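Remarks on the overall topology
Listed here are the chains, written in short residue letters.
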Amino acid sequence: MIAMILNPIDQHYEKQKEPYYSTLHFLRKFILKNNTEITEAFKYGTPFFIYKKKNLAYLWIDKKSKNAYIGFPNGKLVEHKALYAEDKKYVKKYFVNPNKDININEINALITAFVVALDSL
C-alpha cells in the first residue's frame, strides 16, 4: 500500500473531528464550486480561498460558540444581516452550526457579494 502525503490544506481538513470535518469539507467544496476563479492557498496557518489574487474567505471554528464559520477578511466591503464583525476591525464572520442544515442560498449570496466587491477594488 502506498502512503499518500497530504498537502497542508488537506492536512488541515483531515485533522478535524466530526461534526466539523463534514461541515468544513462541505463548505470547502461549495465555495470552490461557486466561481471558477476561486482557488485555495495555505496562509497564516489556515486554508484561504483566493479570488483573483485577493483574499476572499477562510474557514475556522469559533472556540466560544463551537460553530464553524466563514471568515471574510475584507468584511468591510459587504453589509449583510448574517455577518458579524465582533471585535475585529475588518474581518466579518458567517457562523455555521455544524449540527443544523446549512443555508446554502445565504452563503451563495455572500460569496457572490464579496466577489463583486473584490472586482470593484
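Computed from a predicted structure; not experimentally measured.

1. What to know about helix α2 (residues 20-34)
- When the terminal C-alpha atoms of α2 are compared, their 21 Å separation across 15 residues agrees well with the 21 Å that a helix rising 1.5 Å per residue should span.
- By the burial criterion, the buried members of α2 are Tyr20, Thr23, Leu24, His25, Leu27, Arg28, Phe30 and Ile31.

2. Describing the pattern of salt bridges
- Per the counting criterion, the structure on display carries 5 salt bridges.
- In this structure, the salt-bridge partner of Asp10 is Arg28, at a minimum N-O distance of 2.9 Å. With Asp10 in helix α1 (residues 8-14) and Arg28 in helix α2, this pair connects stretches of sequence that are 18 residues apart.
- With a relative accessible area of 23%, Asp10 lands in the partly exposed category.

3. Examining the pairing of strand β1 (residues 38-43)
- As judged from the 6 bridges shared by β1 and strand β2 (residues 46-51), these two strands associate in the antiparallel manner. Counterpart to Thr39 in the pairing with β2 is Ile50.
- Following β1, the chain reverses through 2 residues before pairing antiparallel with β2; Tyr44 in that reversal takes a positive phi of roughly 55°.

4. Here's the deal with helix α3 (residues 104-119)
- Counted at 1.5 Å a residue, the expected span for α3 with its 16 residues is 22 Å, and the 22 Å between its end C-alpha atoms agrees.
- Within α3 the residues assigned to the buried category are Glu106, Ile107, Leu110, Ile111, Phe114, Val115, Ala117 and Leu118.
- Elements in contact with the buried residues of α3: α2, β1, β2, β3 (54-61), β4 (68-72) and β5 (92-96).
- By the N-cap criterion, in which a side-chain oxygen at the helix start approaches the backbone nitrogen of a residue two or three places on, α3 is capped by Asn103, the distance to Asn105 being 3.3 Å.

5. Topic: the sheet that holds β4
- Here we have 5 strands laid out as an open sheet, ordered β1-β2-β3-β4-β5, and antiparallel in their pairing. Here the strands that pair on one side only, and so sit at the sheet edges, are β1 and β5. For this sheet, the mean inter-axis angle between neighbouring strands, taken without regard to orientation, is 25°.
- Judged from the 4 bridges that link them, β3 and β4 form a sheet pairing that is antiparallel. In the strand pairing of β4, Leu59 is matched with Ile70.
- Strands in contact with α3 are β1, β2, β3, β4 and β5; relative to β3, the strand with the most contacts, it is inclined by about 150°.

6. Structural notes on the nonpolar core
- Judged by nonpolar contacts, the single largest core of 27 residues is most densely connected at Leu56, Ile70, Phe72 and Tyr94.
- For this core, the secondary-structure elements that each account for two or more residues are α1, α2, β2, β3, β4, β5 and α3.
- Looking at this core element by element, the count peaks at 7 residues for α3.
- The next biggest cluster of nonpolar side chains, apart from the first, holds 5 residues, and it includes Phe48, Ile50, Tyr69 and Val91.

What counts, and at which threshold
Residues numbered from 1 in each chain as written. Predicted model: local features only at pLDDT ≥ 70, side-chain atom pairs only at ≥ 80, totals over all residues. Heavy atoms only, no water. Helix = DSSP H or I, 4+ residues; strand = E, 2+ residues; numbered from the N terminus. Expected span 1.5 Å × (residues − 1). Buried < 20%, exposed > 50% of the residue type's maximum accessible area, 1.4 Å probe, protein only. Salt bridge = Lys/Arg side-chain N within 4 Å of Asp/Glu carboxyl O. Pairing = 2+ DSSP bridges. Contact = heavy atoms within 4.5 Å. Polar contact = N/O pair within 3.5 Å; in protein donor to acceptor, adjacent residues only side chain to side chain. Axes fitted to C-alpha atoms, helices over the stretch in contact; angles between N-to-C directions. Core = buried A, V, L, I, M, F, W, Y, C linked by side-chain atoms within 4.5 Å.

The quantities given are spatial measurements derived from coordinates; they are silent on function.
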